Amino acid sequence: MMRIGFGEDIHLLVEGRKLILGGVEIPFEKGLLGHSDADALLHAISDALLGAIAAGDIGTFFPPSDPSIKGIDSAFILKTCYKVVRKLGYHIVNIDANIVLERPKMRPYIQTIRESIASILNIDVNVVSVKAKTNETVDAVGQEKAIRTNAVVLIEKGE
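Description of the structure in this document. Keep in mind that this is a model prediction, so the values were computed, not measured.

Moving on: the pairing of strand S7 (residues 146-157). Two elements, strand S1 (residues 2-14) and S7, share 11 bridges in a ladder whose sense is antiparallel. In the strand pairing of S7, Phe6 is matched with Val152. Pairing of strand S5 (residues 90-100) with S7 involves 10 bridges; the strand directions are antiparallel. Looking at S7, one finds that Tyr90 is bridged to Lys157.

Okay, here's the thing in structure tokens:
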């Protein structure tokens, strides 16, 4: 049996924070604001995994109101979500993700991000697709005030 899940996340860009996407620190003058390390890409993938098994979202497992998880590493969130999926007997067939932002340009980092996600999940890099797009100056993303990510994950029961 195959199932598909969709996840999306958006975080404000602010000064004084690191920009971490897909588990990779990207040199930039701003970073993402959030309760965790604010890795919007890993959050979207985590939500997609949980959505594929109808298990809620990352807030179900890691509520932002919980002070004990402030600053939590999003790689830990993603690993935890995948463990929930694996316990039900599913594995990842494919991940297709987008990063929507005006700057910085992501092309130099895409392969490293793909490798990071594959490493976090212990899967083949060839099943991880990451793309970057601009928002053509439209809304908060287009005005460089935020970054939006989305991901689709295909999972299959069995090995």
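Next comes the rest of the description.
This part takes up the sheet that holds S7. Reading across from one edge, S4-S1-S7-S5-S6 is the order of the five strands in this open sheet, with mixed pairing throughout. At either end of the open sheet lies a strand with only one pairing partner, and these are strand S4 (31-32) and strand S6 (128-133). Along the sheet, helix H1 (residues 40-52) contacts S1, S4, S5, S6 and S7; its crossing angle with S1, the most-contacted strand, is approximately 155°. Strand contacts of helix H3 (residues 74-87): S5 and S7, with the helix running at about 150° to S5, the strand carrying the most contacts.

Of the consecutive residues Arg103 and Pro104, the connecting peptide bond is found in the cis state with omega at -5°. Take Pro104: it is sitting in the loop between S5 and helix H4 (110-121). Positive phi is not limited to glycine here, since Asp139 has a value of about 60°. Tracing the backbone shows Asp139 in helix H5 (residues 139-142).

The rules behind each value
Residues numbered from 1 in each chain as written. Predicted model: local features only at pLDDT ≥ 70, side-chain atom pairs only at ≥ 80, totals over all residues. Heavy atoms only, no water. Pairing = 2+ DSSP bridges. Helix = DSSP H or I, 4+ residues; strand = E, 2+ residues; numbered from the N terminus. Contact = heavy atoms within 4.5 Å. Axes fitted to C-alpha atoms, helices over the stretch in contact; angles between N-to-C directions.

Purely geometric numbers; function is a separate question.
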